[in-house]
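Single-letter residue listing:
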Amino acid sequence: FLDTYYNEGANSSSQEEGQESNQDQEEQQQTENDLKAEYEEASLKESEQMAESIEQQLAQLQIGDQVEVDSNAQYVMLTLNGALLFDSAKAEIREDAIPLVDKLSTILQSYNSNSIYVEGHTDNVPIHNSKYESNDILSSYRAQSVKDYILSKTTLDPSKIRATGCGEYNPIADNSTPEGRARNRRVEIKIYNSYNSN
């Protein structure tokens, strides 16, 4: 009788502990989800405010029609048409594009504490010449060229800026048309918000 009594008590106690443990886990999960949602909302709001400010500056500098602005919860992205910046199969910034990059540099100067990524993109037309043996390499040199120029015109922290070549692997348009290929030849500058800059 005593054995039965103690066994039933022990089982009952362990069930209650199990229920409490599950409840604690659910509450902890809910708290984590709430914090994550709050974090993402604040992060997105900051990106949207950055994008709005940048758009106003682009308009004041009269280059709003040459730069596309987009944003998400991580960063604000500025997209520049590659044909504006570079001659075909070359990675040196065109002389007539220098004023555009100068003006962009003045905008970027105010984001000294943010991480900035410069990404080069190409279309899928194969390239092979004495200097650049593939689209990957050409896109890397183009991104580095823009990064180096921005650093030469600003006091931005070099450790906060990265240059990456993405080649032909992230198209934003159809490579089967001349218009689509022109859109895919681009440089993207991603300015990460304070929540995602570390």
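The rules behind the values
Residues numbered from 1 in each chain as written. Predicted model: local features only at pLDDT ≥ 70, side-chain atom pairs only at ≥ 80, totals over all residues. Heavy atoms only, no water. Helix = DSSP H or I, 4+ residues; strand = E, 2+ residues; numbered from the N terminus. Buried < 20%, exposed > 50% of the residue type's maximum accessible area, 1.4 Å probe, protein only. Contact = heavy atoms within 4.5 Å. Areas by Shrake-Rupley, 256 points an atom, 1.4 Å probe, with all protein chains shown as cover. Core = buried A, V, L, I, M, F, W, Y, C linked by side-chain atoms within 4.5 Å. Pairing = 2+ DSSP bridges. Right-handed = clockwise from strand over helix to strand, strands pointing away. Phe/Tyr/Trp six-rings, centres within 6.5 Å; stacked < 30°, edge-to-face > 60°.

**Student:** What exactly am I supposed to notice about the overall build of the protein chain here?
**Tutor:** Along its length, the protein chain carries five helices and five strands. Counting from the amino terminus, the protein chain carries its helices and strands in the arrangement α-β-β-α-α-β-α-β-α-β. Expressed as a percentage of its 198 residues, the buried residues of the protein chain come to 34%. Long-range contacts, defined here as pairs at least 24 residues apart, represent 73% of the contacts in the protein chain between residues at least 6 apart. About 12,000 Å² of surface is accessible on the protein chain, with carbon and sulfur atoms providing 45% of the total.

**Student:** Please clarify how the environment of Val187 should be interpreted in this entry.
**Tutor:** Tracing the chain through its elements places Val187 in strand E5 (residues 186–192). Along the sequence, Val187 and Val118 sit 69 residues apart, while their C-alpha atoms lie 7.0 Å from each other. The contact partners of Val187, leaving out residues within four places of it in the chain, are Leu78, Thr79, Leu80, Leu85, Phe86, Val118, Glu119 and Val146.

**Student:** What should I look at first to understand the nonpolar core in this one?
**Tutor:** Taken as a class, soluble globular proteins show a tendency for nonpolar side chains to be buried jointly. With 31 residues, the main nonpolar core has Ile54, Leu78, Leu85, Ile93, Val146, Ile189 and Ile191 as its most contacted residues. Listed by contribution, the elements that provide at least two residues to this core are helix H1 (2–60), strand E2 (75–81), helix H3 (98–108), strand E3 (116–121), helix H4 (135–153) and E5. Sort the elements by how many residues they give to this core and H3 lands first, with six residues. Contacts of Ile189, omitting those with residues within four sequence positions, involve Val76, Met77, Leu78, Leu80, Leu104, Leu108, Ile116, Tyr117, Val118 and Ile150.

**Student:** How should I be thinking about the pairing of E3 in this particular structure?
**Tutor:** The two faces of a sheet get side chains in turn, since along a regular strand they alternate between them. Within E3, five of the six residues are buried, leaving the element largely enclosed by the surrounding structure. Pairing of E3 with strand E4 (residues 161–165), which is carried by five bridges, proceeds in the parallel orientation. When the sheet's bridge partners are listed, Tyr117 is paired in E4 with Arg162. Between the parallel elements E3 and E4, the chain passes through H4 in a crossover that is right-handed. Note that E3 and E5 share six bridges and pair antiparallel. Its bridge partner lying in E5, Ile116 is registered against Ile191.

**Student:** Explain the packing of aromatic side chains here, please?
**Tutor:** Tallying each qualifying case throughout the model produces four aromatic pairs. Where Tyr117 meets Tyr192, the ring centres are 5.0 Å apart and the plane angle is 55°; that geometry is what we call tilted. Of this pair, Tyr117 sits in strand E3 while Tyr192 sits in strand E5, placing them 75 residues apart in sequence. Cluster of aromatic residues (ring-pair linked, three or more members): Tyr75, Tyr117 and Tyr192.

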